[in-house]
Amino acid sequence: MIQPLLKYPDSRIRLISSNVRFFNDELQSWITDMIDTMRAHDLDALSAILIGIQYNIVILKETDNYVPYINGRLIKHSGMSNQTERSLYYEGISVDVDRYENVTVVYEDEEGNQHYRDLTGAQARIFQQQLDYCYGSTFVDRVDKEMKERINEYLEHGLVADGGSCPVVFYRDYFKRGVKYLISGMFLSLATPFFVSAKVQEWVYRIDIFALIAAVVLMIVYFFYAQYESRLYKQCTSCQTGNIIGTVAILTFQLLLTSLGIFLWVAP
């Protein structure tokens, strides 16, 4: 069934979409309504909140198919480009927005099966735009202060108040990435005994020790900063603390295995 689209100044655009925890006929009914609405308005993408459904569901039109991305989130990105965007919600407004050129998305299908997908170019941009809506955000949250003030003055009722929208990428991810780089470097050093002299191997071992200490420090910083971000954006998901603990556990296991290899194999 075709549903009406949320339009400015409807404040529901600032609601944070919950993750889908059930995969049943009700979910299929929502997806059908989203596809019917997309066809009626000739849309290439739609977030569920834009028809008043407060769940993390994005549908992309890919050729002649309509593909649901349920509980989607970005796990990897690269490149950056600035392009003009328009919004279904803020009609008559277009702004230049920075977006990642390439993203890797983890999501679930209609049966709850998990998938990973690489999106590039226009497809990556439109997915990020729709994902913003799931986190209670719009493209006006991504422009500078001057542009935001201009938009605020242009709109009859001003910008819809920010209800505490979530970022698509958390800053804690940078600390996690640093730990992964250090672990990767130490893992590669396990091959050095085959190619270098004993003296060079001793230097490699010393570097590994510094890298090990740095990785532990970054993990501690990650854990406490992630707790801070979890409190700051507590409305984003209901399982952030579990994700943080799980991430620390995985990194700790990887670090222990790598450390064991360094002390047993690389140590002179």
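Scoring rules and cut-offs
- Residues numbered from 1 in each chain as written.
- Predicted model: local features only at pLDDT ≥ 70, side-chain atom pairs only at ≥ 80, totals over all residues.
- Heavy atoms only, no water.
- Helix = DSSP H or I, 4+ residues; strand = E, 2+ residues; numbered from the N terminus.
- Buried < 20%, exposed > 50% of the residue type's maximum accessible area, 1.4 Å probe, protein only.
- Contact = heavy atoms within 4.5 Å.
- Areas by Shrake-Rupley, 256 points an atom, 1.4 Å probe, with all protein chains shown as cover.
- Lys, Arg positive; Asp, Glu negative; His and termini not counted.
- Charge placed at Lys NZ, Arg CZ, Asp CG, Glu CD.
- Salt bridge = Lys/Arg side-chain N within 4 Å of Asp/Glu carboxyl O.
- Core = buried A, V, L, I, M, F, W, Y, C linked by side-chain atoms within 4.5 Å.
- Pairing = 2+ DSSP bridges.
- Patch = residues over 30% accessible without salt bridge, like charges linked within 9 Å, V, L, I, M, F, W, Y side chains within 5 Å.

A closer look at the overall build of the protein chain
The number of helices and strands found in the protein chain is six helices and seven strands. Secondary structure elements of the protein chain occur, N-terminal to C-terminal, as α-β-β-β-β-β-β-β-α-α-α-α-α. Overall size of the protein chain, expressed as C-alpha extent along the three principal axes, is 70 × 45 × 35 Å. Burial status across the protein chain gives 44% buried among its 268 residues. Within the protein chain, contacts between residues at least 6 apart in sequence are counted, and of these 71% link residues at least 24 apart. Total accessible area on the protein chain is roughly 14,600 Å²; 56% of this is exposed by carbon and sulfur atoms. Positive and negative side-chain charges in the protein chain, numbering 24 and 31 respectively, have mean positions lying 8 Å apart.

Remarks on the pattern of salt bridges
One pass over the full model with this rule turns up ten salt bridges. Salt-bridge contacts for arginine 12 lead to aspartate 10; the nearest nitrogen and oxygen are separated by 2.8 Å. Between arginine 142 and aspartate 132 there is a salt bridge; the shortest N-O distance is 2.8 Å. Within this pair, whereas arginine 142 is found in the loop between helix H2 (121-134) and helix H3 (145-154), its partner aspartate 132 is found in helix H2, the two being separated by ten residues in sequence. Residue arginine 142 is classed as partly exposed on the basis of its relative accessible area of 37%. For aspartate 132, a relative accessible area of 1% gives the class buried.

Details of the nonpolar core
Within the largest apolar cluster, 34 residues are counted, with the highest numbers of intra-cluster contacts made by Leu46, Ile57, Tyr89 and Tyr90. Of all the secondary-structure elements, those providing two or more residues to this core are helix H1 (25-41), strand S2 (57-62), strand S3 (65-78) and strand S5 (94-99). Top element by residues in this core is H1. It accounts for six residues. Not counting residues up to four positions away in its chain, the partners in contact with tyrosine 90 are Tyr8, Thr138, Phe139, Val140, Leu155, Leu159 and Val160. Listed in part, the 18 residues of the second largest apolar core include Ile183, Val204, Ile244 and Val248.

So, the environment of glutamine 3
Within the fold, glutamine 3 resides in the segment before H1. Given a relative accessible area of 22%, glutamine 3 falls into the partly exposed group. Setting aside chain neighbours within four positions, we find glutamine 3 in contact with Asp33, Thr37, His41 and Ile51.

Some words on the pairing of S5
Here S5 shows one buried face, formed by Val95, Val97 and Arg99, and one open face, formed by Ser94, Asp96 and Asp98. Taken together, the six bridges between strand S4 (residues 81-86) and S5 define a ladder with antiparallel strand orientation. If you follow glutamate 85 over to S5, its bridge partner there is valine 95.

Considerations on a nonpolar patch on the surface
Together, Phe194, Phe195, Val196, Val200, Leu260, Leu264 and Trp265 give the surface a local cluster of nonpolar side chains, amounting to about 780 Å² of exposed area. Sorting elements by how many residues they give to the nonpolar patch places helix H6 (residues 240-266) first, with three residues. Within the fold, phenylalanine 195 resides in the loop between helix H4 (172-188) and helix H5 (198-232). Judged by relative accessible area, which is 69%, phenylalanine 195 ranks as exposed.

Overview of the side chain of threonine 138
Considering the arrangement of structural elements, one finds threonine 138 in the loop between H2 and H3. Apart from residues no more than four positions distant in its own chain, threonine 138 is found in contact with Ile13, Arg14, Tyr90 and Tyr133.

Notes on unusual backbone geometry
As a rule of thumb, non-glycine residues mostly have phi less than zero, and peptide bonds are mostly trans rather than cis. The omega angle of the peptide bond from tyrosine 8 to proline 9 is 10°, so this bond is cis rather than trans. Within the secondary structure layout, proline 9 lies in the segment before H1. The phi dihedral of aspartate 42 is positive, around 55°, even though this residue is not glycine. Locating aspartate 42 in the fold gives a position in the loop between H1 and strand S1 (45-47). The residue asparagine 71 is not glycine, and still its phi comes out positive at about 55°. Mapped onto the elements, asparagine 71 comes out in strand S3.

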